[in-house]
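Chain residues, written in single-letter form:
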Amino acid sequence: MTTAPGLVVDASQAAGYFGSRWRGEAYLSQLFWRDMLIVGSFINLFTGFIALMIAAQGGDLWVAATVHFATLPYNVFLVLALWRTPGRSKVMAWTSSVWLGAVTLL
């Protein structure tokens, strides 16, 4: 599947992304800072904004809630992957748990 000129993403690359994080093979700083705090937070802010717009426009509340919680499996995956990664500090582990609570509730 081609996404942009010169950028090809296939199923094995996607499996590699998730697999490397689950097995603790990704760099800890990359998993924590880039994947979780930057990209994960952006995705959650975006879906939260969409959910608010659905609710503000008079859409069904269950649709807005579904959009808001659609990222929950990915968020839980990131936190569990971080907890499974060797060398993580207690601060990173607990920060990831606080992050999960914040992006789930807000």
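Cut-offs applied
Residues numbered from 1 in each chain as written. Predicted model: local features only at pLDDT ≥ 70, side-chain atom pairs only at ≥ 80, totals over all residues. Heavy atoms only, no water. Axes fitted to C-alpha atoms, helices over the stretch in contact; angles between N-to-C directions. Helix = DSSP H or I, 4+ residues; strand = E, 2+ residues; numbered from the N terminus. Parallel < 35°, antiparallel > 145°, perpendicular 65-115°, else oblique. Contact = heavy atoms within 4.5 Å. Nonpolar A, V, L, I, M, F, W, Y, C, P; charged D, E, K, R; others polar. Salt bridge = Lys/Arg side-chain N within 4 Å of Asp/Glu carboxyl O. Buried < 20%, exposed > 50% of the residue type's maximum accessible area, 1.4 Å probe, protein only. Phe/Tyr/Trp six-rings, centres within 6.5 Å; stacked < 30°, edge-to-face > 60°. Lys NZ or Arg CZ within 6 Å of the ring centre and 35° of its normal. Expected span 1.5 Å × (residues − 1). Bend = angle between axes of the 7 residues up to and from the residue. Polar contact = N/O pair within 3.5 Å; in protein donor to acceptor, adjacent residues only side chain to side chain.

1. Details of the packing of helix α4 (residues 72-84) against helix α5 (residues 90-105)
Line of reasoning, step 1. At a minimum axis separation of 9 Å, α4 and α5 run at an interaxial angle of 175°. Here α5 runs roughly antiparallel to α4, going by the angle between their axes. Together, Leu72, Asn75, Val76, Leu78, Val79, Leu82 and Trp83 of α4 and Met92, Ala93, Trp94, Ser96, Ser97, Trp99, Leu100, Val103 and Thr104 of α5 make up the contact between the two elements.
Line of reasoning, step 2. Partitioning the contact of α4 with α5 into residue classes produces twelve nonpolar, four polar and no charged.

2. Here we look at the side chain of Asn44
Line of reasoning, step 1. Within the secondary structure, Asn44 is located in helix α2 (residues 28-56).
Line of reasoning, step 2. Residues within four places of Asn44 in sequence aside, it is in contact with Thr71, Asn75, Trp99 and Val103.

3. Section: the pattern of salt bridges
Two side chains of opposite charge can pair, provided their charged atoms sit close to one another.
Line of reasoning, step 1. A full pass over the atoms with the stated rule returns three salt bridges.
Line of reasoning, step 2. Here Arg21 and Asp35 are joined by a salt bridge, their closest N and O atoms 2.5 Å apart. Placement of Arg21 in helix α1 (residues 11-22) and of Asp35 in helix α2 is noted, with a sequence separation of 14 residues between them.
Line of reasoning, step 3. For Arg21, a relative accessible area of 6% gives the class buried.
Line of reasoning, step 4. Residue classification places Asp35 among the buried residues on the basis of a relative accessible area of 2%.
Line of reasoning, step 5. A salt bridge links Glu25 to Arg23, with the nearest nitrogen and oxygen atoms 3.0 Å apart.
Line of reasoning, step 6. Sharing partners across several salt bridges, the network here consists of Arg21, Arg34 and Asp35.

4. Observations regarding the packing of aromatic side chains
Line of reasoning, step 1. Using the criterion set out here, one finds six aromatic pairs in the structure.
Line of reasoning, step 2. A ring pair is formed by Phe18 and Tyr74, whose centres lie 6.4 Å apart and whose planes are at 85°; its orientation type is edge-to-face. Taken together, the residues Phe18 in helix α1 and Tyr74 in helix α4 connect sequence positions 56 residues apart.
Line of reasoning, step 3. Phe18 sits in the partly exposed class, given a relative accessible area of 37%.
Line of reasoning, step 4. Here a set of aromatic residues connected by ring pairs shows up, and it is made of Tyr17, Phe18, Trp22, Tyr74 and Phe77.
Line of reasoning, step 5. One cation-aromatic arrangement involves Arg84 over Trp22; the distance from NZ or CZ to the ring centre is 4.1 Å.

5. Side note on α2
Line of reasoning, step 1. For α2, built from 29 residues, the straight-helix expectation of 42 Å at 1.5 Å per residue is met to within 8% by its first-to-last C-alpha distance of 39 Å.
Line of reasoning, step 2. Maximum bend of α2: about 35°, positioned at Gly40.
Line of reasoning, step 3. Of the positions making up α2, those classed as buried are Leu28, Leu31, Phe32, Asp35, Met36, Gly40, Ser41, Asn44, Thr47, Gly48 and Ala51.
Line of reasoning, step 4. Of the residues trailing α2, Gly58 is marked for its positive phi of about 85°.

6. A short note on the side chain of Ser41
Line of reasoning, step 1. Structurally, the position occupied by Ser41 is in helix α2.
Line of reasoning, step 2. One polar contact links Ser41 to Trp99, side chain to side chain, over a distance of 2.9 Å.
Line of reasoning, step 3. Apart from residues lying up to four places away in sequence, Ser41 is in contact with Met36 and Trp99.

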